[in-house]
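What follows is each chain in one-letter form.
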Amino acid sequence: MRALRLIAVLFVVLGLAACGGDPKFRTYKGPEVTKVVVYKDARKMQLFHHGKILKTYDMALGFAPEGHKQFEGDGKTPEGLYYIDRRNPRSQFHLSIGISYPNKADIAYAKSRGKEPGGDIFIHGRTGYSGRNKGDWTWGCIAVTDREMEDIYAMVRDGTPIHIYR
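Model, not experiment: these values are computed from the prediction. For every chain, the first residue of its written sequence is number 1, and the numbers climb from 1 along that sequence. The predicted nature of this model means local features are confined to residues of pLDDT at least 70 and side-chain atom pairs, given and counted, to a pLDDT of 80 or more, with totals for whole chains, interfaces and linings taken over all residues. For side-chain calculations, the full set of non-hydrogen atoms in the structure is used, while hydrogens and water are omitted.

Undergrad: Kindly report on the nonpolar core, identifying the contributing residues and their values.
TA: In these notes, a set of buried Ala, Val, Leu, Ile, Met, Phe, Trp, Tyr and Cys residues joined through side-chain atoms within 4.5 Å is what counts as a nonpolar core. Type-normalised accessible area, obtained with a 1.4 Å probe on protein chains alone, sets the label of each residue: buried when under 20%, exposed when over 50%, and partly exposed for intermediate values. Membership of the largest hydrophobic core comes to 25 residues, with the highest contact counts inside it found for Met45, Ile99, Ile123, Ile142, Ile152, Val156 and Ile162. Broken down by secondary-structure element, the contributors of at least two residues to this core are strand E1 (35–39), strand E2 (44–49), strand E4 (80–88), strand E5 (96–99), helix H3 (146–155) and strand E8 (161–165). Counting residues per element, this core draws most heavily on H3, which supplies 4 residues. In what follows, a contact means two residues having at least one pair of non-hydrogen atoms within 4.5 Å. Sequence-distant contacts of isoleucine 142, defined by excluding residues within four places in its chain, comprise Val38, Met45, Met59, Ala60, Leu61, Thr77, Ile99, Phe122, Ile123, His124 and Ile162. Numbering goes from the N terminus for both helices and strands, where a helix is a DSSP run of H or I of at least four residues and a strand is a run of E of at least two.

Encoded structure:
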């Protein structure tokens, strides 16, 4: 009987621990995000369900945002069609989802100039940034607030196209 009580207590404790999961991992039950669109000049990112805008976010970019990312360390955010291709729940910048830069053309161009194209371009939060969190400060990524990143992380699936415009 004592063993059954101990097992019951363990189930209750484990069940309560599971309910207290990390609050940064949210759930989303709304319409599927079918594409992400970034307007670098306007510093806006929009999530779409087909032709309907679901959400619009203000954002920060790389420290040298004008033009398409071409080389490692140039501080530019890529332009063109890419895809969300990975996620990092332990990101230095709260949460992050990866952008498929560089593609074959990006790699070929950089190599033709004897340089590396760079990589590890993400949409991420701001935790971990030691500056004032104002202006363009990333190394080419797209940064939003931590709270916004929690929503984006829940809403956007791997494989979602991302169109990045000047």
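Undergrad: Quick rundown of the packing of aromatic side chains? Include the residues and the values.
TA: Any two rings among Phe, Tyr and Trp, with Trp reduced to its six-membered ring, count as a pair given centres within 6.5 Å; such a pair is stacked if its planes are under 30 degrees apart, edge-to-face if over 60, and tilted if neither. The full count for this structure, using the stated rule, is 6 aromatic pairs. Between tyrosine 39 and tyrosine 165, the aromatic rings sit 5.8 Å apart at their centres with planes inclined by 20°, giving stacked as the arrangement. A residue pair is termed long-range when its members are at least 10 positions apart, and tyrosine 39 in strand E1 and tyrosine 165 in strand E8 qualify at 126 residues. Against the face of phenylalanine 48 rests lysine 35, its NZ or CZ located 5.0 Å from the ring centre. Both a distance and an angle decide whether a charge sits over a ring: NZ of Lys or CZ of Arg must be within 6 Å of the ring centre and within 35 degrees of the ring normal.

Undergrad: Run through the pattern of salt bridges, naming residues and quoting values.
TA: Here, a salt bridge means any Lys or Arg side-chain nitrogen found within 4 Å of an Asp or Glu carboxyl oxygen. Considering all chains together, one arrives at 11 salt bridges under this definition. Between glutamate 150 and arginine 26 there is a salt bridge, and its shortest N-O distance comes to 2.6 Å. Within this pair, whereas glutamate 150 is found in helix H3, its partner arginine 26 is found in the loop between helix H1 (2–19) and E1, the two being separated by 124 residues in sequence. Taking the shortest distance from any N to any O, the salt bridge between arginine 87 and aspartate 158 comes out at 3.2 Å. Separated by 71 residues along the polypeptide, arginine 87 in strand E4 and aspartate 158 in the loop between H3 and E8 bring together distant segments of the chain. By relative accessible area, arginine 87 is classed as partly exposed at 25%. For aspartate 158, a relative accessible area of 42% puts it in the partly exposed group. Salt bridges sharing partners connect three or more residues here, namely Arg26, Arg147, Glu150 and Asp151.

Undergrad: I'd like a description of the sheet that holds strand E3 (residues 52–58), backed by residues and values.
TA: Neighbouring strands of a sheet are bound in pairs by backbone hydrogen bonds; such pairs are parallel or else antiparallel. A pair of strands is labelled paired if DSSP reports no fewer than 2 bridges between them. The 8 strands lie next to each other as E3-E2-E1-E8-E4-E5-E6-E7, forming an open sheet whose pairing is mixed. Of all the strands in the sheet, the pair left with one neighbour each is E3 and strand E7 (142–143). Relative to E5, E4 runs antiparallel, the two sharing 4 bridges. Along E5, the bridge assignment pairs isoleucine 84 with isoleucine 99. Only the stretch in contact is used when a helix axis is fitted, and all axes are lines through C-alpha atoms; the angle between N-to-C directions ranges over 0 to 180 degrees. Contacts from H3 reach E2, E3, E4, E5 and strand E6 (122–124), with the element oriented near 145° to E3.

Undergrad: Describe the pairing of E4, listing the residues and the values that go with them.
TA: Relative to E8, E4 is paired through 4 bridges, and the arrangement is antiparallel. In the sheet register, tyrosine 82 faces E8, and the bridge partner there is isoleucine 162.

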